Amino acid sequence: MHTHRNTIFYLSIIFLVILGAAAVSAPLIAPYPPTSQDLGQRFKPSSSAHLLGTDNFGRDIFSRVIFGSRSALLVGIVAVSIAVTIGTIVGLAAALSRGYIDNFLMLLMDSLLSFPTILLAITVVSFLGYGLLQVMLAIGIIFSPVFARLVRAETLAIKTEAYVEASRSLGSPIVKIVYKHILPNILGKVIVQCSISFALTVVIEASLSYLGLGSQPPDPSWGLMLKDARNYLVQAPWMAIYPGLALALTVLCFNILGDTLSEKLNPKL
Amino acid sequence: MKRPICFFVCLILTLLLGIAIMTNPTPAEAKALNFALRGNPDTLDPHKTSGTLTFQTIKSIYDTLAEPDMNGKIVPALAERWQVSEDALTWTFFLKKGVVFHNGDKLTARDVKATFDRIMDKATGSPKAKEFKSIIGIEIPDDFTVVLKVKEPTSPLLASLASGWGAILPKGLIEAEHDFGNQPVGTGPFVLKKWIRDSQIVLVKNNNYWMKGLPKLDEISMHIIPERAVSVQGLISGQIDVAYLIDIEDLPILETSPDVKIEKSMSSLIQVLSINCSNPILQDIRVRQAINHAIDKQKVLDIAYNSGKPIGTFMDYSNAYYKDFTALYPYDPEKAMKLLAEAGVGQDTVFELFLPQNYEPHVKAGEVYQDMLTKVGLNVKIKLVDWSTWLSDVYRAAKYALTVIGHTGKLDPDGTLSGYGTKDRYVRWINPRAAELIGRARKVSGFENRKRLYDEVLEIMAKEVPFMYLGSSYRHTAVRKNVSDFRMTPKLDTFDFRWTTLD
């Protein structure tokens, strides 16, 4: 049973590494520029010239899927970084100060959490304007409460440990305690949360692009590709299948990664 | 302990389901037509919107004094005839007798006067009120005669009276401030039975309709289906009898179905890539000419707009006033590049191309335009905007460089051309000569006299290219084989179910 799980874990790592490498070296791998149209080659199924076929503008789907991984991963990395940064600062501030500041910060975070994610994302994006940058910012803000709660809870637990108390009574400044004792101890849980959030981010980016709020045409994005494909499901199913598959696999792999890491880093569970 | 309870609940639910299936009554056979409508009308009040969906729907509920026939000629409707005085300042309409509204009120001249007063009343806020602004007095010498006094000869007035926004409402309900938007009451062939927003509009036959023997259908169910694929599947399976605006990509599937026939006709749309002439760079006619040369019009029509005919000027292809100027700026990328080099426009100038994201064909066309313009060396960035932003920023405030839109056909050419040549129109193209000719053509009567003036206007517009004129697109309507005589009113593109039958 365990070896079976390990195989899946390593397979997903391999997939994600390949995906990352493809995203980084997209211009080298992709056989065509992702936005160039060839109107004589519309709706062509898989062939040697077009590995995954072409779309309604005769664009190469393989190239678009590869370039699409860039926006998916970029949004994931940037948005999760924003969320981790905001979340950690807020969580630490709340846990270390307690009292009014704690109550206020947590009320703010809880109220953010109480909104349905997609709805909140749409609201934020419609304030900031459409585009990839705005989507990153929106998702970053939306995911920060999860990290804030996590960091706060962990910090509260660690704060009362004997070695922290000892360090404190020896007169270490608070910054040093955070840096030396608290952050290293909560890192594992934060990484697990990152992995899970990453998967969600990819889905939300695709959803917002699907709704026309994220990546703008003709930029390649999996969500946007699915949106275009919706009208040609019967004539050209490959337009939906490949970006859909890329999206599903990426999310699945990040989830497996998160679950496995969670088991490995928190053996108690 | 819990297991047996669950089991019993399941058992009972299954039994109930079985009973429900067995007792489901088969619906009675009435002549009900299932129609696929692309979206929800915002209101059913003819005087409070400019929405196409509203006018398409209310054509079956209200009537107008006159109406276009299938050839686009304006023929009598609620008015059995009319006269225009020698000086063209007095229009006299003689109403049909024996017409009744859905609520039982008899149609008289007082209803017509009350209706026009309502349209021109600022409080109504009719977006079409300006078309009636030349009316300075309405007199009703008797119950069935209406006299309109106009301040200057106004040829386009008859077209406004024949369009959906001139629909006649009963005086009694107007005075009672009845909510026509939700509970329309007119003299039309069908009566609204129910309207479930975003789902269904059900119309039933008006047995007292003034055209004898019409309508032939008992009921129309308009299903609001925004998804193309759903209406296509509905047509094939028989849940939908008629769907309009069939996409060209769906034709092969529908053509393989033995139960569906496709009717192709020319729409009255003028599909364009609009150019903001107040933009410091697009002010240069060479840049606008280059844009016209850069676009392969037929290809864009085929890909984005279900194919069609290129036009070359600002008038729809099937219009009697149309004149062919397509030879002026043929597809010629090299010429486009030369013109751009002359004008000194290169990669460093970015043009924002605004696309209304709820109109898929325009977004599709926009993507092809961007590609074609890029190929002649222009730097074009696409910006998707929602419809209300498009209306406020692009159409009203002219804060754009390029945009893609389709102008709907009008019964009178003045409806298409009025305001062009002045800063009032969103292309901000200034040409006093064109503006003057358009103004003169409004006051002149007689087709030949007006055509002479419009010919010159269209020639100026064709040469000066405030637009990249793409063409008029085809419209494909799919009907099941058992449906006959489903009509679409020319120019207005409204649905006419009066003659429609279902075998």
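Residues numbered from 1 in each chain as written. Chains lettered and ligands numbered in written order. Predicted model: local features only at pLDDT ≥ 70, side-chain atom pairs only at ≥ 80, totals over all residues. Heavy atoms only, no water.

J.: Account for the packing of aromatic side chains, naming residues and giving values.
T.: All names here are of chain B. Counting across every chain of the model gives 30 aromatic pairs over all chains. Ring plane angle 90 degrees and centroid distance 5.2 Å describe the contact between phenylalanine 35 and phenylalanine 497, whose orientation is recorded as edge-to-face. A residue pair is termed long-range when its members are at least 10 positions apart, and phenylalanine 35 in strand β1 (residues 32-37) and phenylalanine 497 in the loop between β21 (495-496) and β22 (501-502) qualify at 462 residues. Like phenylalanine 497, phenylalanine 35 is buried. With a centroid separation of 5.4 Å and an interplanar angle of 85 degrees, the aromatic rings of tyrosine 321 and tyrosine 454 are classed as edge-to-face. Residue tyrosine 321 is located in the loop between β14 (308-309) and α10 (333-343), and its partner tyrosine 454 is located in helix α15 (residues 447-464); the two are separated by 133 residues in the primary sequence. Site record: aromatic cluster; members linked through ring pairs are Phe314, Tyr359, Trp387, Trp390, Tyr395, Tyr400, Tyr420, Tyr426, Phe467 and Tyr469. Directly above the aromatic system of phenylalanine 94 lies the positively charged group of arginine 81, at a separation of 4.0 Å from the ring centroid. (Phe/Tyr/Trp six-rings, centres within 6.5 Å; stacked < 30°, edge-to-face > 60°. Helix = DSSP H or I, 4+ residues; strand = E, 2+ residues; numbered from the N terminus. Buried < 20%, exposed > 50% of the residue type's maximum accessible area, 1.4 Å probe, protein only. Lys NZ or Arg CZ within 6 Å of the ring centre and 35° of its normal.)

J.: Account for the pattern of salt bridges, with residues named and values stated.
T.: Under the defined criterion, the tally for this structure stands at 36 salt bridges over all chains. The salt bridge involving B:Glu249 is made with A:Arg42; its shortest N-O contact spans 3.2 Å. Of this pair, B:Glu249 sits in the loop between β11 (242-243) and α7 (251-256) while A:Arg42 sits in the loop between α2 (26-29) and α3 (61-97), each in a different chain. (Salt bridge = Lys/Arg side-chain N within 4 Å of Asp/Glu carboxyl O.)

J.: Got a sec to walk through the interface of chain B and chain A? Specific residues and values, please.
T.: Listed by partner, the interface residues are 21 residues for chain B and 20 residues for chain A. Summed over the three residues of chain B that lose the most area to chain A, namely B:Glu249, B:Glu367 and B:Leu384, the buried surface amounts to 29% of that side. In this structure, the connection of chain B to chain A is made through four salt bridges. Between A:Arg230 and B:Glu360 there is a salt bridge, with the nearest N and O atoms lying 3.2 Å from each other. Our count for the chain B to chain A interface comes out at nine residue pairs in polar contact (both at pLDDT 80 or more). Mapped onto the side of chain B that touches chain A, the elements with two or more residues apiece are α6 (228-237), α9 (297-304), α11 (360-375) and β16 (379-385) of chain B. (Contact = heavy atoms within 4.5 Å. Buried area = accessible area lost by both parts, 1.4 Å probe. Polar contact = N/O pair within 3.5 Å; in protein donor to acceptor, adjacent residues only side chain to side chain.)

J.: Break down the packing of helix α9 (residues 222-229) of chain A against helix α10 (residues 238-265) of chain A for me, citing the residues and quoting the values.
T.: Residues and elements named next belong to chain A. Two elements in contact, α9 and α10, have axes separated by 8 Å at closest approach and are oriented at 145 degrees. Both α9 and α10 take part in a crossing whose hand is left-handed. Side by side, α9 and α10 meet where Trp222, Met225, Leu226, Asp228 and Ala229 of the first sit next to Met239, Ala240, Pro243, Gly244, Ala246, Leu247 and Thr250 of the second. The class makeup of the residues in the contact of α9 with α10 is nine nonpolar, two polar and one charged. (Axes fitted to C-alpha atoms, helices over the stretch in contact; angles between N-to-C directions. Left-handed = near helix turned anticlockwise from the far one by under 90°. Nonpolar A, V, L, I, M, F, W, Y, C, P; charged D, E, K, R; others polar.)

J.: Outline the pairing of strand β18 (residues 467-480) of chain B, supporting the account with residue identities and numerical values.
T.: Residues and elements named next belong to chain B. Most of β18 is tucked away, with 14 of its 14 residues classed as buried. With seven bridges joining them, strand β12 (residues 260-266) and β18 adopt antiparallel strand pairing. Bridge pairing in β18 places methionine 266 opposite tyrosine 474. Sheet topology note: the β14/β18 ladder contains two bridges and is antiparallel. Within the sheet, the bridge partner assigned to glycine 308 lies in β18 and is serine 473. (Pairing = 2+ DSSP bridges.)

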